[in-house]
Amino acid sequence: MKGKKLLYIMGIDWQWIFQRPQILAKYLSADYDITVVFPRSILKKRSPVSACPPFRILWTLPYQEKNAFIGKISARLNQNVFKDIYSYDYVYINYPLYGRYIPEDYGGKVIYDCMDNHESLYPDQKRVYKILVQEQRLVKRSNLLLVSAQALAEKMNKIAGCEKSILLRNGTVPNRVYPLKKPEKRQLYSIAYIGTIASWFDYPSILESLKHCPQVEYHLIGPTNEKADCPGIIYEGSVSHEHLGSLAEKYDCLIMPFVVNDIVRFVDPVKLYEYIAFGKCIVSIYYPEIERFRDFVFFYRTPEEYRKLLDKLTESGFPPKYTDVQRENFLKENTWNMRYNILKKELETLEETFTQ
């Protein structure tokens, strides 16, 4: 028999890239009577939903955060989504803007899982202001405050005015482990990036590297609205999560070429965990949050350092920086199952307060 009722409010569509929100929801569904709420554009009303626990859809309208009238229509459209929120023992939320759906007199426990520096994700200052207001409210009223990165812990603790946050990093699935790549000299090397391609993707460094290193080509795997029309860059489109490992097997190197901005600085990147499981040579921009990956990743800080690193790696056939033993130990210590055990213990401690 499952435990208490938990309303799980996501900030992304369930069918978006499979990541922390979906993974933790699935773990929680084994122990709690969970209902998942996720947003979906009204323009995608006919899109299917698969492999999700019991769910409700929060329909979103274009410009609803910018236009008060459209915002009212959206509220009316979704008025039944949260009508029984008082019947839930927990509300677990990972997108601060949706904190507005938690009534002031809600008597259950509130869990806020902060995964991003949300205020930096949007150019629209009106939305940023709403996010800041709701996040401050969530942080202060939350009974359990989770963060995915140390930089977020520092930010949330500052808002809370005390050491309130619990560090719950991202993780990996241990059964998706592939053979360690052996270095091999080639005339043309395939370098891949897996993930969303947006404002944080460092196109300039990639384009510049192609001028200096013609023996590489880039394969970009994931959703994007920003494409560079350049020989040497191949867009593979989005690929289902379960097929990423087999796809990655054909590449020589996996990269994370980010611009270190106020979005990236606060990220514990899931892709680095997965890259390690894929057994490839890994190259990434450096920022303090990922220092702990140093034994596994070749870091660079500038476009020039990146070009020099490429020259070195092409000469050696792109060897992984780590051994099988190092990888095995790392993956054992950083599974999603271990992360969920931490979360479950925190929830069990929280549950004790129901009887006090």
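Fair warning: this is a prediction, and the values are worked out from it, not measured in the lab.

Caption draft 1: Structural view of the overall build of the protein chain. Broken down by element type, the protein chain carries ten helices and 13 strands. Its C-alpha atoms give the protein chain a radius of gyration of 21 Å, near enough to 21 Å, the size a compact globule of 356 residues would have. With the C-alpha coordinates aligned to their principal axes, the bounding extent of the protein chain is approximately 65 × 45 × 40 Å. Every one of the 356 residues in the protein chain was classed for burial, and the buried ones make up 51%. If you sum the accessible surface of the protein chain, you get close to 17,000 Å²; carbon and sulfur atoms cover 52% of it. Taking the average location of the 49 positive side-chain charges in the protein chain and that of its 42 negative ones, the two points are 5 Å from each other.

Caption draft 2: Region of interest: the packing of helix α7 (residues 270–278) against helix α9 (residues 324–333). The interhelical angle for the contact between α7 and α9, taken along N-to-C directions, is 140°, at an axis separation of 10 Å. The angle between α7 and α9 places the two elements in the oblique class. For the crossing formed where α7 meets α9, the hand is left-handed. On α9, the residues that touch Y273, I276, A277 and F278 of α7 are R327, F330 and L331. Across the contact of α7 with α9, the residue classes tally to six nonpolar, no polar and one charged.

Caption draft 3: Representation of the pattern of salt bridges in the model. Overall, the coordinates contain 20 salt bridges when judged by the stated rule. A salt bridge links E104 to R137, with the shortest nitrogen-to-oxygen separation between them at 3.0 Å. On the criterion of sequence distance, the pair formed by E104 in the loop between β4 (90–93) and β5 (109–114) and R137 in helix α3 (residues 125–141) is long-range, its members being 33 residues apart. On the basis of relative accessibility, which here comes to 21%, the residue R137 falls in the partly exposed class.

Caption draft 4: Fine view of the pairing of strand β1 (residues 5–9). Taking burial as the measure, the five residues of β1 include four buried ones, the bulk of the element. Taking the sense of rotation as the criterion, the β-α-β connection linking β1, helix α1 (residues 20–29) and strand β2 (residues 33–41) turns out right-handed. Relative to β4, β1 runs parallel, the two sharing four bridges. By the bridge assignment for β4, Y8 is matched with Y92.

Caption draft 5: Structural detail: the environment of Y287. Here Y287 is to be found in the loop between β12 (281–285) and β13 (298–300). Residues Y287 and F258 lie 29 residues apart in sequence; the distance between their C-alpha atoms is 9.8 Å. Ignoring sequence-local partners within four residues, the contact set of Y287 consists of M256, V260, V264, R265, V267 and P269. Of note is the side chain of Y287, whose polar atom sits 2.9 Å from the backbone oxygen of V267.

Caption draft 6: Spatial organisation of α7. Of all the nine residues making up α7, eight are buried; the element is thus mostly covered by neighbouring parts of the structure. Listing the buried residues of α7 in full gives K271, L272, Y273, E274, Y275, I276, A277 and F278. Its buried side turned inward, α7 meets β8 (189–194), α6 (244–248), β11 (253–256), β12, α9 and α10 (336–352). Two residues or fewer past α7, G279 is found with a positive phi of approximately 75°.

Caption draft 7: Summary view of the sheet that holds β4. Reading across the sheet, the seven strands line up as β3-β2-β1-β4-β5-β6-β7 and stay open at both edges, with parallel pairing between neighbours. The open sheet terminates on both sides in strands that have one partner only, identified here as β3 (55–60) and β7 (166–167). Together, β4, β5, β6 (144–147) and β7 form the strand contacts of α10, whose direction differs from that of β6 by roughly 170°.

The rules behind the values
- Residues numbered from 1 in each chain as written.
- Predicted model: local features only at pLDDT ≥ 70, side-chain atom pairs only at ≥ 80, totals over all residues.
- Heavy atoms only, no water.
- Helix = DSSP H or I, 4+ residues; strand = E, 2+ residues; numbered from the N terminus.
- Rg over C-alpha atoms; globule rule 2.2 N^0.38 Å.
- Buried < 20%, exposed > 50% of the residue type's maximum accessible area, 1.4 Å probe, protein only.
- Areas by Shrake-Rupley, 256 points an atom, 1.4 Å probe, with all protein chains shown as cover.
- Lys, Arg positive; Asp, Glu negative; His and termini not counted.
- Charge placed at Lys NZ, Arg CZ, Asp CG, Glu CD.
- Axes fitted to C-alpha atoms, helices over the stretch in contact; angles between N-to-C directions.
- Parallel < 35°, antiparallel > 145°, perpendicular 65-115°, else oblique.
- Left-handed = near helix turned anticlockwise from the far one by under 90°.
- Contact = heavy atoms within 4.5 Å.
- Nonpolar A, V, L, I, M, F, W, Y, C, P; charged D, E, K, R; others polar.
- Salt bridge = Lys/Arg side-chain N within 4 Å of Asp/Glu carboxyl O.
- Right-handed = clockwise from strand over helix to strand, strands pointing away.
- Pairing = 2+ DSSP bridges.
- Polar contact = N/O pair within 3.5 Å; in protein donor to acceptor, adjacent residues only side chain to side chain.

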